[in-house]
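If you want the building blocks of each chain, they are given just below.
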Amino acid sequence: GGGCDGGSFPPVEEVAPPSLGCSRCRLSANGCLQCNPNHPRYVAAGGGGQEEEVALFRVQHDDGDVEDLEEGEARAAAEWHASLLQEKAMRADGHRWVGQRVARYFEQRAAPVLCSITKWLPPDGDEGALFRCVHDDGDEEDLEQYEVDEALAIWRSTAEGVRTLRAEASAAESAWLLAERERRRAAHRARGLDGVVPPMSAIQIYKRHCEAATGERAASSGVAAEVAELLRREYATLSEEERRPFERRAERDMHRYQRQRRWKRKVHAAERKRAAAAALSANAGAAGDEGGDEGG
């Protein structure tokens, strides 16, 4: 058999006991690798012996232990250490993609694998950001930004993605309609026309038509004027036949607005009359009480 240095065992009686060593040192005249830092096997490979030597790397653990690794083992340990540092630097917040559902295609599977982005590693110098992708089946992988873009596009085409996007669009539509309705009501309350929604123009109706077709709002607070100008230009390019449905809806909405205003005016007039009658009755009652007191 061979010793811990790869050579054959010398006779025990011919080996001088080492001054510093362990029970393995007796197997070689050079002692064991752990006890002899000048062991020949620590010399780089290529020494020219009958058997090619390999380089060894002394590794000292933080707890004080020591071990010797060959080059492949040392490389694997360095890669593992780098992965631990990367894992420690990953963040579970600070990016819009954290928590985002995605999907990935793999050669061995016909259907896409659903996944979630759980963490991300911010970019560092020339190194771009990385995103931890956890598959629903438990596997994990780190994706670059372009890979996340592709995975997000795949997810949007899945049944889960379609359902989620429809629900989000419906919620956004409801929230926008409620906010718009409240804004209009507030404007009319300031004018004494509480509850009467102003009429919409043909361009406004056309804008809503475009938003319903695309599933997105055509304007935000920062670009409302620019979007309105684009819509006016777009509407101007329509033919008379294409404009007719929007103009008819605008006419009907104007009739609705005028009808509601007339009704509101009648309601306000009736309320004023009742208030005036109540005030007269109260004044008459007060005058009668005063006359009774004087007569008594």
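The following refers to the structure shown. Note that the structure is predicted; figures quoted are calculated from it, not measured.

So, the side chain of Arg 256
Logical step 1: Within the secondary structure layout, Arg 256 lies in helix 6 (residues 240-295).
Logical step 2: Not counting the four nearest positions on each side in its chain, Arg 256 is found in contact with Val 197, Pro 198 and Pro 199.

As for the sheet that holds strand 4 (residues 113-121)
Logical step 1: The sheet built from 4 strands is open, its strands ordered 3-4-5-6 with antiparallel pairing. Whereas interior strands pair on both sides, the edge strands pair on one side only; in this sheet they are strand 3 (101-104) and strand 6 (140-144). Direction aside, neighbouring strands of the sheet carry axes that sit 45° apart on average.
Logical step 2: The pairing of strand 3 with strand 4 spans 4 bridges and is antiparallel.

Focus: the packing of aromatic side chains
Logical step 1: A complete count under the given rule lists 5 aromatic pairs for this structure.
Logical step 2: Ring centres of Tyr 206 and Phe 246 lie 5.3 Å apart, and the angle between their planes is 80°; this geometry places the pair in the edge-to-face category. Of this pair, Tyr 206 sits in helix 4 (residues 202-214) while Phe 246 sits in helix 6; the two residues are 40 residues apart in sequence, bridging distant segments of the chain. Here Tyr 206 matches Phe 246 in class, with each residue buried.
Logical step 3: With centroids separated by 6.5 Å and ring planes inclined at 65°, the aromatic side chains of Tyr 235 and Phe 246 adopt a geometry described as edge-to-face. Of this pair, Tyr 235 sits in helix 5 (residues 224-236) while Phe 246 sits in helix 6, and the two are 11 residues apart along the sequence. Grouping residues by exposure puts Tyr 235 and Phe 246 together as buried.

Cut-offs applied
Residues numbered from 1 in each chain as written. Predicted model: local features only at pLDDT ≥ 70, side-chain atom pairs only at ≥ 80, totals over all residues. Heavy atoms only, no water. Helix = DSSP H or I, 4+ residues; strand = E, 2+ residues; numbered from the N terminus. Contact = heavy atoms within 4.5 Å. Pairing = 2+ DSSP bridges. Axes fitted to C-alpha atoms, helices over the stretch in contact; angles between N-to-C directions. Phe/Tyr/Trp six-rings, centres within 6.5 Å; stacked < 30°, edge-to-face > 60°. Buried < 20%, exposed > 50% of the residue type's maximum accessible area, 1.4 Å probe, protein only.

Everything listed here is a matter of coordinates, which is why it stays silent on function.
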